[in-house]
Amino acid sequence: MNFQTSCLIPPDHPSLAGHFPGAPIVPGVVILDEIAAAWRQGGKNYQLTGIRSVKFIAPINAGQSFAVAFTSVKTSQNQIDFCCRIEGRVVVEGRLEIGCGAAL
């Protein structure tokens with residue numbers, strides 16, 4: 001299962017007020033929440049059960065659009081890789097654990 005979607009954390013998101021005032025960057029937990037939401041929209045009959053690994057390579061700024069791509073892991077039916085890109089550059093990557101059944 002492979003798909004991609006676009007995400008954007010608005011500049012007025014409540015988490016940004018205290019996260020580097022004057023030059024806000026999006027906290028990792030907010031990025032992971034967006035990745036989970038993107039998975040719920042496109043993952044259909046698979047629920048997210050965990051985050052196996054994640055690597056934050058570069059910051060995502062408030063109001064900056066980024067693409068989230070999901071790619072099946074050939075060696076495992078219950079894992080899927082993801083990456084976030086800004087203008088083609090990978091800024092976050094990792095692996096999710098998924099399970100069959102209705103999404104929560």
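Remember, it's a predicted structure, so these values are computed and weren't measured experimentally.

1. So, a nonpolar patch on the surface
Inference 1: Together, I51, V54 and F56 make up an exposed nonpolar region whose accessible area comes to about 240 Å².
Inference 2: If you trace the backbone, V54 turns up in strand 2 (residues 46-56).
Inference 3: When its relative accessible area of 35% is taken as the criterion, V54 is described as partly exposed.

2. Considering the pairing of strand 3 (residues 65-72)
Inference 1: Where strand 1 (residues 3-8) lies against strand 3, six bridges are found, and the strand directions are antiparallel. Residue pairing across strands places T5 opposite V68, the latter belonging to strand 3.
Inference 2: Here strand 3 runs beside strand 4 (residues 79-86); their pairing, made up of six bridges, is antiparallel. Across the sheet, the residue bridging to F70 is F82, located in strand 4.
Inference 3: Hairpin geometry of strand 3 and strand 4 is characterised by an intervening segment of six residues between the two adjacent antiparallel strands.

3. With respect to the nonpolar core
Inference 1: The biggest cluster of nonpolar side chains holds 23 residues, and the ones touching the most others in it are I35, I60, F66, F70 and V92.
Inference 2: Elements represented by at least two residues in this core include exactly strand 1, helix 1 (28-42), strand 3, strand 4 and strand 5 (89-100).
Inference 3: The dominant element in this core, judged by the number of residues it contributes, is helix 1, at five residues.
Inference 4: Setting aside its immediate chain neighbours within four residues, F66 contacts T5, S6, C7, L8, I9, E34, I60, C84, R85 and I86.

4. Considerations on the pattern of salt bridges
Inference 1: What the rule picks out here adds up to two salt bridges.
Inference 2: A salt bridge links R52 to E97; its shortest N-O distance comes to 3.2 Å. Of the two residues, R52 sits in strand 2 while E97 sits in strand 5, which places them 45 residues apart along the sequence.
Inference 3: Exposure remark for R52: the relative accessible area of 52% places this residue in the exposed category.
Inference 4: Since its relative accessible area comes to 24%, E97 is described here as partly exposed.
Inference 5: The residue R95 makes a salt bridge to D81 at a minimum N-O spacing of 2.6 Å. A residue pair is termed long-range when its members are at least 10 positions apart, and R95 in strand 5 and D81 in strand 4 qualify at 14 residues.
Inference 6: You can call R95 partly exposed: its relative accessible area is 26%.
Inference 7: The class of D81 is partly exposed, set by a relative accessible area of 25%.

Procedures and definitions
Residues numbered from 1 in each chain as written. Predicted model: local features only at pLDDT ≥ 70, side-chain atom pairs only at ≥ 80, totals over all residues. Heavy atoms only, no water. Patch = residues over 30% accessible without salt bridge, like charges linked within 9 Å, V, L, I, M, F, W, Y side chains within 5 Å. Areas by Shrake-Rupley, 256 points an atom, 1.4 Å probe, with all protein chains shown as cover. Salt bridge = Lys/Arg side-chain N within 4 Å of Asp/Glu carboxyl O. Helix = DSSP H or I, 4+ residues; strand = E, 2+ residues; numbered from the N terminus. Buried < 20%, exposed > 50% of the residue type's maximum accessible area, 1.4 Å probe, protein only. Pairing = 2+ DSSP bridges. Core = buried A, V, L, I, M, F, W, Y, C linked by side-chain atoms within 4.5 Å. Contact = heavy atoms within 4.5 Å.

None of this, on its own, says anything about what the molecule does.
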